[in-house]
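Residue strings, one per chain:
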2 protein chains.
Amino acid sequence: MVRIRPAERTDVSLILSLIRELAEYERAPYAVRATEEDLLRDGFGPQRRFHCAIAEWNQEPAGFALYFYNYSTWEGRAGIYLEDLYVRPRFRKRGVGRSLFIYLAQIARAENLSRIQWQVLDWNQNAIDFYERLGAKKPADWQTMRLSAEAIEHLAAADPLHCSVID
Amino acid sequence: MVRIRPAERTDVSLILSLIRELAEYERAPYAVRATEEDLLRDGFGPQRRFHCAIAEWNQEPAGFALYFYNYSTWEGRAGIYLEDLYVRPRFRKRGVGRSLFIYLAQIARAENLSRIQWQVLDWNQNAIDFYERLGAKKPADWQTMRLSAEAIEHLAAADPLHCSVID
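Residues numbered from 1 in each chain as written. Chains lettered and ligands numbered in written order. Predicted model: local features only at pLDDT ≥ 70, side-chain atom pairs only at ≥ 80, totals over all residues. Heavy atoms only, no water.

Draft legend 1. Geometry of the interface of chain B and chain A. Each partner contributes residues to the interface: chain B has 83 residues there, and chain A has 83 residues. Between chain B and chain A, a total of about 8,100 Å² is buried, with carbon and sulfur atoms accounting for 58% of that surface. Here chain B is connected to chain A by two salt bridges. Ionic pairing is found between R33(B) and E75(A), a salt bridge with its closest N-O pair at 2.6 Å. A per-element tally of the side of chain B that touches chain A places helix 3 (residues 96-110) of chain B first, with nine residues. For the side of chain B that touches chain A, a count of residues per class yields 44 nonpolar, 15 polar and 24 charged. Bridge count between strand 6 (residues 142-147) of chain A and strand 5 (residues 116-121) of chain B: six bridges; the pairing is antiparallel. Bridging across to strand 5 of chain B, Q143(A) finds its partner in V120(B). (Contact = heavy atoms within 4.5 Å. Buried area = accessible area lost by both parts, 1.4 Å probe. Salt bridge = Lys/Arg side-chain N within 4 Å of Asp/Glu carboxyl O. Helix = DSSP H or I, 4+ residues; strand = E, 2+ residues; numbered from the N terminus. Nonpolar A, V, L, I, M, F, W, Y, C, P; charged D, E, K, R; others polar. Pairing = 2+ DSSP bridges.)

Draft legend 2. Structural detail: the nonpolar core. I15(A), Y131(A), I15(B) and Y131(B) are the most contacted members of the largest nonpolar core, which has 124 residues in total. If sequence neighbours within four positions are ignored, Y131(B) has contacts with M145(A), L85(B), F101(B), W118(B), V120(B) and A136(B). (Core = buried A, V, L, I, M, F, W, Y, C linked by side-chain atoms within 4.5 Å. Buried < 20%, exposed > 50% of the residue type's maximum accessible area, 1.4 Å probe, protein only.)

Draft legend 3. Spotlight on the environment of F91(A). Residue and element names in this part refer to chain A. Here F91 shows up in the loop between strand 4 (77-87) and helix 3 (96-110). Separated by 31 residues in sequence, F91 and E60 place their C-alpha atoms 9.7 Å apart. When near neighbours in sequence (up to four residues on either side) are disregarded, F91 contacts W57, E60, P61, A62 and V96.

Draft legend 4. Spatial organisation of the environment of R3(A). Residues and elements named next belong to chain A. Among the secondary structure elements, R3 is positioned in strand 1 (residues 2-6). Using a relative accessible area of 29% as the deciding quantity, one classes R3 as partly exposed. In this structure, the C-alpha to C-alpha distance between R3 and L66, residues 63 residues apart in sequence, is 16 Å.

Draft legend 5. Layout of the packing of aromatic side chains. Evaluated as defined, the whole model comprises 18 aromatic pairs over all chains. It is R49(A) that lies over the ring of Y69(B); its NZ or CZ is 4.0 Å from the centre. Sitting above the plane of the Y25(A) ring, R92(A) keeps its charged end 5.2 Å from the centroid. (Phe/Tyr/Trp six-rings, centres within 6.5 Å; stacked < 30°, edge-to-face > 60°. Lys NZ or Arg CZ within 6 Å of the ring centre and 35° of its normal.)

Draft legend 6. Representation of the side chain of E26(A) within the structure. Within the secondary structure, E26(A) sits in the loop between helix 1 (12-25) and helix 2 (36-44). R92(A) is the oppositely charged side chain nearest to the buried, salt-bridge-free E26(A), at an N-O distance of 10.0 Å. (Lys, Arg positive; Asp, Glu negative; His and termini not counted.)

Draft legend 7. Geometry of the pairing of strand 2 (residues 51-57) of chain B. Residues and elements named next belong to chain B. The buried fraction of strand 2 is high, at six of seven residues. Of the pairings in the sheet, the one linking strand 2 to strand 3 (residues 60-72) comprises seven bridges and is antiparallel in character. Looking at strand 3, one finds that E56 is bridged to P61.

Draft legend 8. Region of the structure containing the packing of helix 1 of chain A against helix 2 of chain A. Residue and element names in this part refer to chain A. Viewed as axis vectors pointing N to C, helix 1 and helix 2 meet at an angle of 110°, and their least axial separation amounts to 9 Å. Put simply, helix 1 runs roughly perpendicular to helix 2. Residues V12, S13, I15, L16 and I19 of helix 1 touch helix 2, and the partners they reach there are E36, L39, L40 and F44. Residue composition of the contact of helix 1 with helix 2, by class: seven nonpolar, one polar and one charged. (Axes fitted to C-alpha atoms, helices over the stretch in contact; angles between N-to-C directions. Parallel < 35°, antiparallel > 145°, perpendicular 65-115°, else oblique.)

Draft legend 9. The relation of the copies chain B and chain A, seen in detail. The operation relating chain B to chain A is a screw motion whose rotation component is 180°, with 0.0 Å of axial translation and a residual RMSD of 0.0 Å. In symmetry terms, the pair is related by a two-fold rotation axis. Among all residues of chain B, the one whose C-alpha sits closest to the rotation axis is N70(B), at a distance of 3.7 Å. When the interface residues of chain B are mapped onto chain A, 100% of them again fall at the interface, so both copies present the same face. (Least-squares fit on C-alpha atoms with pLDDT ≥ 70 in both.)

Draft legend 10. Broad picture of the confidence of the model for chain A. Residues and elements named next belong to chain A. When pLDDT is averaged along chain A, the result is 88; 93% of the residues meet or exceed 70. In this model residues 161-167 is a low-confidence stretch, pLDDT under 50, and it forms 19 contacts with partners more than four residues away in sequence or in other chains. As a predicted assembly, this complex carries a pTM of 0.89 together with an ipTM value of 0.88. (pLDDT = per-residue confidence, 0-100.)

Draft legend 11. Highlighting the sheet that holds strand 2 of chain B. Read from one edge of the open sheet, six strands run 6(A)-5(B)-4(B)-3(B)-2(B)-1(B), paired in mixed fashion. The sheet is open, and its two edges are formed by strand 6 of chain A together with strand 1 (2-6) of chain B, each paired on a single side. Along the sheet, successive strands turn relative to each other by an average axial angle of 30°, direction set aside. When strand 3 of chain B meets strand 4 (residues 77-87) of chain B, the two strands line up antiparallel, connected through ten bridges. If you follow A65(B) over to strand 4 of chain B, its bridge partner there is L85(B).

Shown next as structure tokens:
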């Protein structure tokens with residue numbers, strides 16, 4: 001029996017374990033630099049940067065969904081951006097992932113949000129199939145781009161030449 | 001002479017005009033359903049869903065950058081997601097777009113954010129070239145997926161079968 005509940009402060013150690021398990025599954029086991037302090041500050045502090053739902057199967061932690069609010073200027077409404085969704089291998093094929101999506105959809109409906117969006121690794125056909133069964137589509141034509149911390153540092157230090165950038 | 005400043009409540013009409021001009025440029029002139037009320041509520045109300053910077057050229061509105069905070073569970077830090085960046089055609093080739101990016105990079109550095117991320121239309125080679133000159137990279141392997149409002153409604157109404165989803 002699955003139960004979805006909002007994460008609490010006491011869950012940060014569990015959340016970090018789940019983030020690490022997901023990174024391993026994504027073939028990036030050393031990519032996680034986050035600490036419990038980071039998650040406590042950003043998920044449960046005064047400046048909340050993410051929200052998290054925990055899935056339990058008979059009281060055992062089975063998975064999680066971690067999300068934040070994005071914004072559509074076309075819709076004029078916020079939406080949910082799903083940063084991480086993960087179900088532990090031994091709890092798969094029981095509707096846990098689907099229940100996490102239903103939970104998010106119920107939040108989106110209750111808060112009048114425009115959409116739920118996320119990214120999937122393009123080799124993860126199992127996940128893509130699962131998402132398409134839920135009704136998800138791939139918006140065409142958009143390519144993600146990113147400035148890393150190094151590029152930011154470089155750019156922030158740039159002399160804006162003839163510009164008064166910040167008063 | 002370019003100047004970048006944070007948007008104020010009195011800018012919502014200008015912001016909506018810039019959002020519409022950008023949608024036209026993106027070949028989706030009828031996609032904008034947002035109203036001034038939406039932008040006032042979500043950009044300047046108690047629950048702030050986006051932030052906005054206005055670029056001026058000799059006091060004339062020349063462009064804007066609209067962004068919100070995303071979150072990296074690998075980094076354990078928030079980042080900037082740049083939803084919209086636009087420079088009006090007659091103000092191009094003067095460093096306005098670059099100045100908007102410098103402004104964002106300075107915010108990212110001051111707030112210890114992990115990265116700046118956005119999406120670009122894959123046919124917009126001018127924009128891709130500009131971003132690459134700023135130091136941006138395309139992270140490989142990730143495919144965007146999305147649940148529309150209709151799909152959310154459908155899913156939120158789903159009977160989660162044997163599941164107690166929300167208490």
